[in-house]
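What follows is the residue order along each chain.
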Amino acid sequence: RERFISIIAFVSIGGVALGVAALLVVLSVMSGFDHDIKEKLVGMNAHVIVDTPAGLREADELMRTLSATEHVVGVSPFVSGQAILRLPDQAFGVLVRGIDVEREGRVSRLANYLVAGRLPASDRDAIIGTELAAFLHAGPDETLKLISPADGKTHELTISGLFRCGMYEYDATLVALTLKRAQELYHLGGVVTGLGVKLDQLERSSQMRDLIQQRVGPAYRVRTW
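What you see is a predicted model, and the numbers here were worked out from it, not measured in a lab.

S.K.: Sorry if this is basic, but what is going on with the overall build of the chain here?
M.R.: In terms of helices and strands, the chain carries six helices and ten strands. Computed over C-alpha atoms, the radius of gyration of the chain comes to 24 Å, more than 25% over the 17 Å expected from 2.2 N^0.38 for 225 residues, which places it beyond the range of a compact globule. A principal-axis box enclosing the C-alpha atoms of the chain has dimensions of 90 × 50 × 25 Å. Sorting the 225 residues of the chain into buried and exposed places 42% on the buried side. For the chain, the computed accessible surface area is about 12700 Å², with 55% contributed by carbon and sulfur atoms. Distance between charge centroids for the chain: 2 Å, based on 24 positive and 26 negative side chains.

Dropping the structure here:
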């Protein structure tokens, strides 16, 4: 007489279990996706960026101030801009990043993402993403031609390495040069675009943004990753 009730109870428990299992799977996937994207973003970018619209002229003094700030474990200058990559039959825009090769490892994992070659060892070197290399059918020791937006001149560079960070936007568009060569490309002299700051914990980014803003003053813009 209770067989029908048992079937209903079994179906009800199974439905609840299936619903909970589906919820756990979705939450796990979303949590893993969020973690993966966050790791890739902070792997290519500093936790906190300090800059001004006109660039930084006294970067060394500011770097000393930031390095002495609590919870800061690394500071590195950079130059960021756009340029035109010229091919025999076409041209398209790329993102150029000038890095201090000796200090870059303190704020990003760019060196860890290398899959071939090495970081720029001279001002003639550049590294590009694997997606861009596949599009160009190019590899280490081959030549790139960048057109500077500052003067329209063509600058020839040698590919010293390939990187893959896992984010298509970087792997397909980023060209990393030495800091000095990027300054020459944009006619910046000794000016840098900004300073990248790495913290001991990513979760402190918002808190440290406010603290760093107080330290450097309103003349500077402080942003998190």
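So much for the structure itself; the text now carries on.
S.K.: Help me out: how do you make sense of helix α2 (residues 59–67) in this one?
M.R.: Since there are 3.6 residues in each turn of an α-helix, residues three or four apart along the chain are aligned in direction. Regarding α2, the residues found buried are Ala59, Leu62, Met63 and Leu66. The arc that holds every buried residue of α2, seen down its axis, measures 105°, which confines them to one face. Along α2, exposed side chains directed more than 90 degrees from the buried face belong to Asp60 and Arg64. As for α2, its buried residues are in contact with β1 (48–56), β2 (72–86), β9 (192–199) and α6 (205–216).

S.K.: Which parts of the structure should I look at to understand the environment of Gly15?
M.R.: Along the chain, Gly15 falls in helix α1 (residues 3–44). On the basis of relative accessible area, Gly15 is assigned to the partly exposed category, the value being 43%. Each C-alpha atom, one on Gly15 and one on Leu185, is 63 Å from the other, the two residues being 170 residues apart in sequence.

S.K.: What exactly am I supposed to notice about the side chain of Asp125 here?
M.R.: Secondary-structure assignment places Asp125 in strand β5 (residues 125–129). Residue Asp125 is classed as buried on the basis of its relative accessible area, which comes to 8%. A distance of 3.0 Å separates a polar atom in the side chain of Asp125 from a polar atom in the side chain of Arg118. In terms of polar contacts, Asp125 uses its side chain to reach the backbone amide nitrogen of Ala121, at 3.1 Å. When neighbours within four sequence positions are excluded, Asp125 is seen to be in contact with Arg118, Pro120, Leu157, Thr158, Ser160, Ala176 and Leu177.

S.K.: Help me understand the side chain of Asn45, please; the structure alone is not making it clear to me.
M.R.: By the element assignment, Asn45 lies in the loop between α1 and β1. Of the polar contacts made by the side chain of Asn45, one reaches the side chain of Arg97; its length is 3.4 Å. A distance of 2.7 Å separates polar atoms of two side chains, one belonging to Asn45 and the other to Tyr170. In this view, Asn45 contacts Arg97, Val107 and Tyr170; residues no more than four positions away in its chain are not counted.

S.K.: Is there a simple way to think about the pairing of β1 in this case?
M.R.: The side chains of a regular strand alternate between both faces of the sheet. Taken across its nine residues, β1 has seven buried, putting it largely inside the fold. With five bridges joining them, β1 and β9 adopt antiparallel strand pairing. Its bridge partner being in β9, Ile49 is matched across the sheet by Gly196.

S.K.: Please clarify how the packing of aromatic side chains should be interpreted in this entry.
M.R.: The relation between two aromatic rings is expressed through the spacing of the ring centres and the mutual angle of the planes. Applying the stated criterion across every chain, the model contains one aromatic pair. A centroid spacing of 5.4 Å and a plane angle of 85° characterise the contact between Phe92 and Phe135, whose relative ring orientation is edge-to-face. Of this pair, Phe92 sits in strand β3 (residues 91–99) while Phe135 is found in helix α3 (residues 130–136), placing the two residues 43 residues apart along the sequence.

S.K.: Just checking my understanding: could you explain the nonpolar core for this structure?
M.R.: Soluble globular proteins: nonpolar side chains tend toward being buried together. Among the nonpolar cores identified, the biggest contains 39 residues, and Leu66, Ile128, Val175, Val197 and Ile212 are the most heavily contacted of them. By residue number, the principal contributor to this core is β2, which donates five residues. Each residue touching Leu66, except ones within four places of it in the same chain, is listed here: Val50, Val72, Val75, Leu195, Val197, Ile212 and Val216. Counting residues in hydrophobic clusters, the runner-up holds twelve residues, among them Met44, Leu110, Ile127 and Met167.

S.K.: Can you walk me through α6 in this structure?
M.R.: Taking 1.5 Å of rise per residue, the twelve residues of α6 would be expected to cover 16 Å, and the 16 Å separating its terminal C-alpha atoms lies within 8% of that figure. Ser205, Met208, Ile212 and Val216 are the residues of α6 that are buried. Each buried residue of α6 lies within a common arc of 60° when the element is viewed along its axis, so the set occupies one face. Away from its buried face, by an angle of more than 90 degrees, α6 presents the exposed residues Gln207 and Gln214. Tucked into the core, α6 has its buried residues touching β1, α2, β2, β9 and β10 (221–224). Trailing α6 by a residue or two, Gly217 shows a phi angle of about 95°, which is positive.

Calculation criteria
Residues numbered from 1 in each chain as written. Predicted model: local features only at pLDDT ≥ 70, side-chain atom pairs only at ≥ 80, totals over all residues. Heavy atoms only, no water. Helix = DSSP H or I, 4+ residues; strand = E, 2+ residues; numbered from the N terminus. Rg over C-alpha atoms; globule rule 2.2 N^0.38 Å. Buried < 20%, exposed > 50% of the residue type's maximum accessible area, 1.4 Å probe, protein only. Areas by Shrake-Rupley, 256 points an atom, 1.4 Å probe, with all protein chains shown as cover. Lys, Arg positive; Asp, Glu negative; His and termini not counted. Charge placed at Lys NZ, Arg CZ, Asp CG, Glu CD. Arc of directions from axis to C-beta. Contact = heavy atoms within 4.5 Å. Polar contact = N/O pair within 3.5 Å; in protein donor to acceptor, adjacent residues only side chain to side chain. Pairing = 2+ DSSP bridges. Phe/Tyr/Trp six-rings, centres within 6.5 Å; stacked < 30°, edge-to-face > 60°. Core = buried A, V, L, I, M, F, W, Y, C linked by side-chain atoms within 4.5 Å. Expected span 1.5 Å × (residues − 1).

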